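Notes for the structure review
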Amino acid sequence: QVHLVESGGGLVQAGGSLRISCTVSGRAFSDYAMGWFRQAPGTERESVASISGSGGARWYADSVKDRFTISRDNDKNTVWLQMNSLKPEDTAVYYCVADKKVVVIIDYPDFWGQGTQVTVSS
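Residues numbered from 1 in each chain as written. Predicted model: local features only at pLDDT ≥ 70, side-chain atom pairs only at ≥ 80, totals over all residues. Heavy atoms only, no water.

So, about the packing of aromatic side chains. Counted according to the given criterion, the structure contains three aromatic pairs. Every member of this aromatic cluster is reached through a ring pair, and the members are Phe37, Tyr95 and Trp112. Above the face of the Phe29 ring, Arg72 is positioned so that its terminal group lies 4.4 Å from the ring centre. (Phe/Tyr/Trp six-rings, centres within 6.5 Å; stacked < 30°, edge-to-face > 60°. Lys NZ or Arg CZ within 6 Å of the ring centre and 35° of its normal.)

Printed below as a string of structure tokens:
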């Protein structure tokens, strides 16, 4: 079983920055594309960012492009999402996901974390 645990969520003012983390337990971390989904109340769950197993390829949703950066360290089994220039519409529960089936585009994750709340105040 692969377990994903997010941390680092919290409250931040609009225009500020936040960095959330995902630590992964299990074998062959580098075989998994990793990513972040988010969901706000009354909205559909959406993919925000993802990164290939080697870290060589990245994908971002248009809504966060040029503001968010995803990264990973396979020696630490950890994935980060650096969020800059935050907007109130970024408020959501952010979920770490893992997918062994794809290179970088994650549509149906194999594993989900428990989620961490990110709230951006205006």
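Time to look at the pairing of strand β4 (residues 33-39). Counting buried positions along β4 yields six of seven residues, so the element is predominantly enclosed. Where β4 and strand β9 (residues 92-99) come together, seven bridges link them in antiparallel fashion. Paired with Phe37 across the two strands is Tyr95, which belongs to β9. In the sheet, β4 pairs with strand β5 (residues 46-51) via five bridges, with the strands oriented antiparallel. Among the inter-strand pairings, Arg38 is bridged to a residue of β5, identified as Glu46. Once β4 ends, the chain turns through six residues before running back antiparallel as β5, passing Gly42 with a positive phi of about 80°. (Buried < 20%, exposed > 50% of the residue type's maximum accessible area, 1.4 Å probe, protein only. Helix = DSSP H or I, 4+ residues; strand = E, 2+ residues; numbered from the N terminus. Pairing = 2+ DSSP bridges.)

So, about the state of the cysteines. A complete count under the given rule lists one disulfide for this structure. The disulfide that involves Cys22 links it to Cys96, with 2.1 Å between the sulfurs. Between Cys22 and Cys96 the disulfide shows an S-S torsion of about -80°. By sign, it is left-handed. Of this pair, Cys22 sits in strand β3 (residues 18-25) while Cys96 sits in strand β9, placing them 74 residues apart in sequence. The exposure class of Cys22 is buried, given its relative accessible area of 0%. (Disulfide = S-S within 2.5 Å.)

Here we have four strands laid out as an open sheet, ordered β1-β3-β8-β7, and antiparallel in their pairing. The open sheet is flanked by β1 (3-7) and β7 (68-73), the only strands paired with a single partner. For this sheet the average axis-to-axis angle between neighbouring strands, irrespective of direction, equals 15°. Pairing analysis gives six bridges linking β3 to strand β8 (residues 78-83), with the strands arranged antiparallel. Considered in β8, the bridge of Cys22 is made with Val79. (Axes fitted to C-alpha atoms, helices over the stretch in contact; angles between N-to-C directions.)

The analysis is restricted to geometry; functional conclusions fall outside its scope.
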